[in-house]
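Survey of secondary and tertiary structure
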Amino acid sequence: MSAIDFSDPSTIAALTDALTAAGVDGLEISRPGANLRIVVSKAGHAQISLTGNAQPQLAISVAKAPMAGHFYPQHSSDSDGTGHLPRAVSSQDVIGFIRISSVLLPILAGRSGLLARQLVEPETLVGFGDPLFEIEPLS
């Protein structure tokens, strides 16, 4: 079995997503020179602590679709709803909507950071868990 690459943000993101999907509260992995701890809250958000000689580059998180429907990005200061990227968001900011028939379900950013990139075109039919936006940590 090979060692986990603590410097790979995609590996850490995959571990976090797997823990969240499985309903596990957290995970701690230790090895000489490095320690990774992921704690998942009941709201599905994760706190990641990485110590040692392998620090990841900027960890990019992804805002995902909370259910299937048509995707509509939104920014409250834009009349056309297209938004200007990148822009700073807080964890409770509405960054878009999923439309199901005549109902709009708001999509929250889920973490504070820089809303860097929209991954889906407006009005696209998306499924549960489909990536919608990339959110980078603020430096």
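Residues numbered from 1 in each chain as written. Predicted model: local features only at pLDDT ≥ 70, side-chain atom pairs only at ≥ 80, totals over all residues. Heavy atoms only, no water.

**Overview of helix α1 (residues 9–22)**
- Between the first and last C-alpha of α1 there are 20 Å, a value that for 14 residues agrees with the 20 Å anticipated at 1.5 Å per step.
- Where α1 is concerned, the buried positions are Ile 12, Thr 16 and Leu 19. Buried residues of α1 fall within an arc of 65° about the axis and therefore sit on the same side. What points out from α1, more than 90 degrees from its buried face, is the exposed set Ala 21 and Ala 22.
- One or two positions beyond α1, positive phi appears at Gly 23, with a value near 75°. (Helix = DSSP H or I, 4+ residues; strand = E, 2+ residues; numbered from the N terminus. Expected span 1.5 Å × (residues − 1). Buried < 20%, exposed > 50% of the residue type's maximum accessible area, 1.4 Å probe, protein only. Arc of directions from axis to C-beta.)

**Some details on the confidence of the model for the chain**
- Confidence in the prediction for the chain averages 77 pLDDT; 71% of positions are at 70 or higher.
- Within the chain, the element-level pLDDT minimum falls on strand β3 (residues 46–52), averaging 62, and the maximum on strand β5 (residues 69–73), averaging 93.
- In this model residues 54–58 is a low-confidence stretch, pLDDT under 50, and it forms 13 contacts with partners more than four residues away in sequence or in other chains.
- Contacts of residues 78–82 to residues separated by more than four positions or lying in other chains number six contacts, the stretch itself having pLDDT below 50. (pLDDT = per-residue confidence, 0-100. Contact = heavy atoms within 4.5 Å.)

**Some thoughts on the pattern of salt bridges**
- In total, this model carries one salt bridge according to the counting rule given.
- A salt bridge links Glu 134 to Arg 117, with the shortest nitrogen-to-oxygen separation between them at 3.0 Å. Of this pair, Glu 134 sits in strand β11 (residues 131–136) while Arg 117 sits in strand β9 (residues 113–118); the two residues are 17 residues apart in sequence, bridging distant segments of the chain.
- Its relative accessible area of 18% is what places Glu 134 among the buried residues.
- For Arg 117, a relative accessible area of 45% gives the class partly exposed. (Salt bridge = Lys/Arg side-chain N within 4 Å of Asp/Glu carboxyl O.)

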